[in-house]
Each structure stands twice: as C-alpha cells, then as structure tokens.
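Analysis of the macromolecular model
This is what each chain is made of:
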Amino acid sequence: MRLLYALMLAAHVVANGENLSEDTWYTRAVKRQAKAAEIASFMDQTVDPCQNFYTFACGNYDRINSASSLHLVSTGLFDTLTKGYNRKILKMLNTPSDEHDTAEDLQVKHFYESCLKMKDLLPKYDEKLRKIIAEFGTMPVLEGDSWKEDNFDWVDTTARMAYRYGISPLIGVDVSKDFANNSINRVYLGQQEFPLTSRAMYISNETKIYRTKYESTIKRYLTTFLGVEKALAQQTAEELINFEVDLAHGLVDESDGQDIKNLTELMSVAEINKRYAPTLDISRLVSITLGEELTDDIYEFSASYQRNLVEVLKRTPSRTVANYIYFRLIYEFIETPSDTAQKQKDDCVSNVKKVFAKNLDNMFYRRYNNDKSSAEIESIWRQLKATFRESLRSSPLLDWIERPIRYLAIAKLEAMTLQVNNYVDHNFTAEFEGLNLQSTDYVENARQIQLWAARNFRQKLHQPAEPLDAGETLSYTPANILIENAIKVPVSLLQPFYIWADVYPNAIMFGSLAYLIGHELIHGFDDTGRGFDSQGNSLDWWDERSSSSFQDRRKCFSKQYGNYAYHGIKMKESIAQSENIADNGGVRLAYTAYRKWYDEQLRATANTLNLEEERLPTLNYSGLQLFFISFAQIWCNDVHPNVRALQVSTDQHMPGEVRVIGSLANFDKFSEVFQCPAGSPMNPKEKCVLY
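Residue indices begin from 1 for each chain and proceed along its sequence in written order. Under the rules for a predicted model, residues below a pLDDT of 70 receive no local features and side-chain atom pairs below 80 are neither given nor counted, while totals for whole chains, interfaces and linings still include all residues. Computation of side-chain values: all heavy atoms of the structure, hydrogens and water removed.

Attention now moves to empty space enclosed by the protein. Cavities and pockets were defined on a 1 Å grid built from protein atoms only: a cavity is a group of points that admits a 1.4 Å probe but offers it no way out, a pocket is an open group of points flanked by protein on both sides within 12 Å along at least five of seven lines, and a lining residue is one with an atom within 4 Å of any such point. Grid points are joined across faces, edges and corners, and a volume is the space filled by probe spheres set on the points. The full count for this structure, using the stated rule, is one cavity of 30 Å³ or more. A volume near 30 Å³ is recorded for the largest cavity.

To count as a disulfide, a pair of cysteine sulfur atoms needs to be within 2.5 Å. A complete count under the given rule lists four disulfides for this structure. Between the sulfur atoms of C50 and its disulfide partner C676 the distance amounts to 2.2 Å. Handedness here is read from the sign of the S-S torsion; for C50 and C676, about -85°, the answer is left-handed. Of the two residues, C50 is situated in the loop between helix 2 (25–42) and helix 3 (53–58) and C676 in the segment after helix 30 (668–674); the sequence distance between them amounts to 626 residues. Exposure class is identical for C50 and C676. Each is buried. Each sulfur in the disulfide pair C556 and C688 lies 2.0 Å from the other. Runs of H or I in DSSP of at least four residues are treated as helices and runs of E of at least two as strands, each being numbered from the N terminus. In this scheme, a residue with accessible area under 20% of its type's maximum is buried, one over 50% is exposed, and one in between is partly exposed, where area comes from a 1.4 Å probe on protein chains only.

With that out of the way, let us pick up the sheet that holds strand 8 (residues 486–489). Only strands that DSSP links by at least two bridges are regarded as paired with each other. The strand order 6-8-7 describes an open sheet built from three strands, whose pairing is mixed. Only two strands of the sheet have a single neighbouring strand rather than two, namely strand 6 (417–420) and strand 7 (479–481). Adjacent strand axes in the sheet meet at a mean angle of 30°, parallel and antiparallel pairs treated alike. Relative to strand 8, strand 7 runs antiparallel, the two being bridged by three bridges. The residue bridging A479 from the neighbouring strand is K488, located in strand 8. Axes here mean lines fitted to C-alpha atoms, for a helix over just the part in contact, with angles spanning 0 to 180 degrees between N-to-C directions.

What follows deals with helix 12 (residues 230–248). Since the α-helix advances by 3.6 residues per turn, residues separated by three or four positions end up pointing in the same direction. One fewer than the residue count of a helix, multiplied by 1.5 Å, yields its expected span. Taking 1.5 Å as the rise per residue, helix 12 with 19 residues should run 27 Å; its terminal C-alpha atoms sit 27 Å apart, in good agreement. Within helix 12, the full set of buried residues consists of A233, T236, A237, L240, I241, F243, E244, V245, L247 and A248. By definition in these notes, contact holds between two residues if any of their heavy atoms fall within 4.5 Å. Tucked inside the fold, the buried residues of helix 12 contact helix 8 (140–143), helix 10 (199–203), helix 11 (208–226), helix 16 (303–315) and helix 17 (318–331). Polar contacts, as used here, are pairs of N or O atoms within 3.5 Å; protein pairs need one atom able to donate a hydrogen and one able to accept it. Residues neighboring in sequence count only if both atoms are side-chain atoms. The N-terminus of helix 12 is capped by E229, whose side-chain oxygen sits 3.1 Å from the backbone nitrogen of A231.

A few words now on the sheet that holds strand 5 (residues 298–301). Here four strands make up an open sheet; going across it, the order is 2-3-5-4 and the pairing mixed. With partners counted over all chains shown, the strands left at the sheet margins are strand 2 (171–178) and strand 4 (264–267), one partner each. Looking at each pair of strands side by side, their axes are set apart by 30° on average, direction ignored. Here four bridges tie strand 4 to strand 5, and the two strands are oriented antiparallel to one another. Note that in strand 5 the partner of L266 across the bridge is Y299.

Pairing of aromatic side chains requires ring centres within 6.5 Å, counting the rings of Phe and Tyr and the six-membered ring of Trp. Pairs whose planes differ by under 30 degrees are stacked, by over 60 edge-to-face, and all others tilted. Within the structure shown, the criterion is met by 54 aromatic pairs. Aromatic pair Y214 and Y331: ring centres 6.4 Å apart, planes at 80°, arrangement edge-to-face. Of this pair, Y214 sits in helix 11 while Y331 sits in helix 17, placing them 117 residues apart in sequence. Of the residues examined, Y214 reaches a relative accessible area of 6% and is grouped as buried.

Right, let's get into the packing of helix 12 against helix 17. Think of two packed helices as two axes; the pair is described by the angle between the axes and how far apart they sit. Orientation of helix 12 relative to helix 17, taken along the N-to-C sense of each, is 90°, at an axis distance of 10 Å. Of the possible angle classes, the one that applies to helix 12 and helix 17 is roughly perpendicular. Here helix 12 contributes T236, E239, L240, F243, E244 and L247 to the contact with helix 17, which in turn contributes T320, V321, N323, Y324, F327 and R328. Classifying every residue of the contact of helix 12 with helix 17 gives six nonpolar, three polar and three charged. Angles are sorted into four bins: roughly parallel if under 35 degrees, roughly antiparallel if over 145, roughly perpendicular if 65 to 115, and oblique for all others. For this classification, the nonpolar set comprises Ala, Val, Leu, Ile, Met, Phe, Trp, Tyr, Cys and Pro, the charged set comprises Asp, Glu, Lys and Arg, and every other residue, Gly included, is treated as polar.

The subject of this paragraph is the environment of L437. Examined against the element boundaries, L437 turns out to sit in the loop between helix 21 (428–431) and helix 22 (442–459). Residues L437 and S69, 368 residues apart in the sequence, show an inter-C-alpha distance of 40 Å. For L437, the contacting residues outside a window of four places in its chain are Q107, H110, F111, F356, N445, Q448 and I449.

UniProt positions are given in the numbering used here, feature names are shortened, and annotations may be inferred rather than shown by experiment. Residues annotated in UniProt with the feature "domain: Peptidase M13 N-terminal" (unreviewed entry) correspond here to residues 49–420. Helix makes up 62% of residues 49–420 and strand 9%, with an end-to-end C-alpha separation of 35 Å.

Once their charged atoms are close, side chains differing in charge can pair, the charge on each being opposite to the other. Within this document, salt bridges are pairs made up of a side-chain nitrogen of Lys or Arg and a carboxyl oxygen of Asp or Glu, the two lying within 4 Å of each other. Applying the stated criterion across every chain yields a total of 33 salt bridges. For R284, the salt bridge is made with D153, and the minimal N-O distance between the two is 2.9 Å. Of this pair, R284 sits in helix 15 (residues 282–290) while D153 sits in the loop between helix 8 and helix 9 (154–165), placing them 131 residues apart in sequence. Residue classification places D153 among the partly exposed residues on the basis of a relative accessible area of 29%. Between D156 and R160 there is a salt bridge, with the nearest N and O atoms lying 2.8 Å from each other. Here D156 pairs with R160, and both are found in helix 9, just four residues apart, close to one helical turn. The partly exposed category is assigned to D156, whose relative accessible area is 22%. Linked by salt bridges that have partners in common, D98, D101, K109 and R367 make up one network.

Working note: regular strand, side chains alternate between the two faces of the sheet. The pairing of strand 2 with strand 3 (residues 181–191) spans eight bridges and is classified as antiparallel. Its bridge partner lying in strand 3, G172 is registered against G190. Relative to strand 5, strand 3 is paired through two bridges, and the arrangement is parallel. Paired with Y188 across the strands is Y299, a residue of strand 5.

This part covers the side chain of R406. Here R406 lies in helix 20 (residues 403–415). R406 sits in the buried class, given a relative accessible area of 2%. Within the structure, R406 has its side chain in polar contact with the backbone oxygen of S395 (distance 3.1 Å). With residues near it in sequence (within four places) discarded, R406 still touches S391, L392, R393, S394, S395, L398, D399 and I401.

Turning next to the pairing of strand 6. Residues L418 and V420 point to one face of strand 6 and are all buried, whereas T417 and Q419, pointing to the other face, are not buried. In the sheet, strand 6 pairs with strand 8 via four bridges, with the strands oriented parallel. Residue pairing across strands places Q419 opposite K488, the latter belonging to strand 8.

Time to look at the nonpolar core. Residues belong to one nonpolar core when they are buried, are Ala, Val, Leu, Ile, Met, Phe, Trp, Tyr or Cys, and are joined through side-chain atoms within 4.5 Å. Among the nonpolar cores identified, the biggest contains 214 residues, and F53, W154, I282, F356, L521, F628 and Y691 are the most heavily contacted of them. Of all the elements, helix 23 (residues 506–523) adds the most residues to this core, at 11 residues. Residues within four places of I282 in sequence aside, it is in contact with I171, L189, V269, I272, N273 and Y276.

What follows concerns unusual backbone geometry. Here A277 and P278 are connected by a cis peptide whose omega angle stands at 0°. In this fold, P278 is placed in the loop between helix 14 (269–276) and helix 15. For N485, which is not glycine, the phi dihedral falls at a positive 50°. With respect to the helices, strands and loops of the structure, N485 is situated in the loop between strand 7 and strand 8. The backbone phi angle of T618 is positive, close to 75°, even though this residue is not glycine. With respect to the helices and strands, the residue T618 is situated in the loop between helix 26 (608–612) and helix 27 (623–634).

So, in structure tokens, the structure goes:
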C-alpha cells in the first residue's frame, strides 16, 4: 500500500506539471517517500531481526518478485539494474543515427540490425556453415563413410582454427598480462573454454539437467543448421556431450582454493612439448596458432587438464574428436531466431553485449552520464580508503597482521585505484581498424568479428600490456582486477534511484554502494588478492606468522559457511573463501565509514538536522539501522526452484540469504544497533573475523 501511495503521489506531481528531475522540496519528498515504500514493501517487520535478519529485511521480496511467477531464473537488485540498463541499450540500438554516434557506434548498430534479420538468413545458414567448415577440412557427421580418418590431424585443425578465428577447441593459446610482471604480455597454454563453464556443471548430479539441455541443443544445431538426419544427430550429440564431460574431469575444482601461482608454470615450449608428446604436439600447436616460432617461455595453465586430455584422446575415436572440433567451430556462428519480434530484439542485445560490451558501456555513458553519481562514487572511495588505512594503522582488530606487513598493506591500499568503466579514453577507432560490419548478414558479420578478434589477439604478443578486458562481466558488477590493483565500477551502477540518489539518506548510500565498493577493496586482501602487491604483480609479501594467522581465520569462515543451508540444500564446505571474506570485510568497512560520518554530524550542533534526513518517512528506523537494512536488501532475491541446486553447486558466491546472515552474525556492531541478545542466531558467541 505504501508503494502504491508513493506511485500515485508521483503521478499526481507529473499530472500537475511538476518535473521529478527538478530539485524542489516537493520532488525530493516524493522520491524519499517512494524509496521508503519500496524498502517497507520488501520487509517482513513481524520477524525478529535478531532471529533472521534476511527474513526481516527481505521476507516479502519473493512474494512481490517471484522468479517462478515471472518465469525468470532469478530476481534481485542486479537483475533489476540489468533490466534498466538493457532498456536503455535497446533504445540506443533502435534509434536512427544521430549526433551521438561515432563510426564505431554505427558498426555496432549494423551488427545488431543483422541479428534482427536472422530469419531471412535461415535458408542459407547450412551453406554458410559448411563453407566455414570447408576452410579446415571435413566433418565426419556430414561426410559419412567417405570421411578419411588418415587425413585428419586434430592439432593442425585446432591450431588453424585458432589462428584464423580465435576459436580453440580442446586446448588453447592465449596472450594476456604476465601475472608476475604486468608490464608485459605473456603466452598462456591451457584448457579450452567450456560452454557449461565449470567442472561442477559437467560432473555434479545436481546439474545433469543442464547437460541434457546442452545435448538437445547440439542435436538441434546439427539438424536445423547442418541438415543432419535426426537419428544420426541424436547419436552424434550423445557422443559429443560424453566426450566433453570426459574432458571436463580435468578441470580445476574452484572450491579447492588454488590460486594462479599454484596453477601455472613458466616453461619453454620445448619443455611442455616433451611432457605430452606425441599425443599433444605443443610446439606445432603454439607456432601455428600464433603464426610464428616462440623463443620466450610461456605459462602452462592447469597441467591436470593437459594430462587428462592426453588420456581422453587416447581412448576416443578420431571421428568423435573431429566432430567435436568442427561442432565447436560452428557453435560460435549459430544464433537461433526468436519466436517474437521483442524476444528477437532482447536476444540480439545479448549478442551485441557479448562482443561489444565496451562500446555499449561507452555509448551509455555518453548519453546518460550523471556527474552527481560519479562524484558520489569518488567521494565514497576516498572515505573507504581513509577508513581502511586507519584500521591498518591502529585497529586492534588487525593485530593478527605483523606491523611491517600492515605497512605493506597500506602501500597497496594507497596504490589501489577506482575507475568507472566509461572507456572515454579508449581508442575505439584504432581497435576497429579493418572491421567493416554490414546490416544484412549476421553470419558474415560474426565471421568478420572472429577474424578481427584473432588478429588483435596475435598482435598483443608484440605490444605493451594494456588494461585487462573482461568484456561483458565488467558491465554489471564491480570487480577488483588484482593484476592491476584496480577496482572497476560498471556504468550500469550510475543509473539513479536503484541504489543511490542524492535525496536518499547517506545510510542507504553507504549500506549499498559503499558496501559494494568496500567488498571489492577487501578482495585486494583476501585469500587470492593478498598474493598480489601494490603494482598488481603476483608476489608473496606476507610473513609466516601473519600468513598462518590468515589461514587459521579463513578456516573459521569455511566451517561457518559450510554449516549453512539454503532451501534445505546444505552449503559445500570450501577452502576458497574470497567472497565471504569480502562480504564480511566490506560491510564492516562501509559501516565504519558511515559511522564516522554519522558521529561527526552528532558532534556538529549546527548540522543535527542532517540526521533527521537519515530517516525516511513512514519507516521507524534510525540511520544506523537503515544502513543494515539497505545492505541486506542488496541481496533480497528469489531463485527459481529448478536452479537452486545449481546455484549452490557452481557459484562461489553464497545465496543472498546466506550472505546477509553470515556477514551480520559475525559483526558485533550490528548486534549493538539492533540490540540482539548474546547467543541469539544473529549474535552467536563464536564469530569469524578477518578485516
């Protein structure tokens, strides 16, 4: 009812000529009323916050935003942010060329337009894909008995695909920053990219449904886009998925907590070749992929994958290997037309984001830039750094870290930067050189993009190292790029009224935006981040005692979070605790910074009215309480029942409910603010603390 009232009030203001973008007393009141109504609508205030704070803060969220009812995989803040961002992206891509568009923007729009015309391409799809296959040889499932096994050389075929299109079935060669010396680029050799992404998706019983769905996709692609007879397509799909599962057994289990130093080894190409010859001819693979002979050492990533690959290839028929390699080639060029025009638009936006995420972020920023949000982020960043710096210098909480190590941590903190991913200084003209996309042929555009990406990939080997390009990931969530000692903030977070607005109390700003940034700051000192120095290079700068204390405290988190359950599904006890450490440290850091500001207002008599602004109308909570409610509501969500087991088995992040309960149960200041009795569920005797 409160939310409905606020929306009606807003409609009244608009109807009477008020502009909600104007900064008047009336519009500010409307915006604050609307935010209060939204917060209250998610809460179940009949629940004791000391029993289950997530249910208290988010108890009605799944009723209002049911994933099942809305036919969605999940609902939550980041889903909402993404929808808002996508709406703006869709509007940009569907708007005729205007003064905002650069030559590169027009190419991105051409790619989007070609995707919209997918149905027109269907009669020619088979021919186009077969032509791409013919560049490298023949595919057994298309050739039948005429396919010649003796003519198939999987190393040569894979390497030529990688050189031409940047597609590396089975095993790949990449060029990226040297994690031990990030001023140079280095070659990395290792596992292919897996469509189902993680080991658990291929191995776990809970994820079998996704393997079945993937198998159906393979069959559909073979029949629809290559004209393979259904029975043969079914048999081939079964062979390919079984082969891929076999390969996935060599993948690293992310819960083992191994970092990049444990997983890589710097060696000469000849040394790696000797390890796996004759099954894996690494020397030939690398030289063909890069188009040159390498004399520098390269990194072998995850030797367990290569060892498993050798054994899998020995027992797998060449026909299956060949079918798999060619399927993985055409997989990158296939896009299924959608049933409706709107669904086609949405799917095409997703396709554009996969390839041109940086361009879309830059286009968004140029059209929707809000200087207030950028200024708020910068202000919060300064306050968080100052707060953590003070803790490292003098907090007894961090006495487990030896004093010299704390000084080194301060040096890393001082060097850490925060950047909004607007790409205003990126040279898109140089990057797009040689790319000429048209609005008619999606497959040809996809082919040109793959050629372009492969060329740029090879050129990196002889160029200075540039900022890491994490693509679409950096468009939606803040991230700590450890190898650069930099936090990247997505432009989607600049959208007002989702988590920030200048009319909201600071409690909301600190409980949401500051927490998210603080979470990333703490990642620089978690079980992985602490292995990188102030310059972003991999370096063990911790002494033995501090490191041992860290390990002991990390074990506390492993045990604590391993005892939680989510909808009856017990959490997996994991060595890796990066996300839980960042959640706990991030909320402590954001609250400490907010409390410092809050106490300053209390001491300044002339500014006492500011603390009235820390309350919201109709919500009977102080600013300190509102901070924790805002933090919890970041993680209000609902996940479709069919994917809950998948989330638990594959995501290194805990479900939102567990993130809230775990972090606040460890935080004594939370218990003080909500007066939780000692021994209550949200104020247990044993607490896990690092930062």
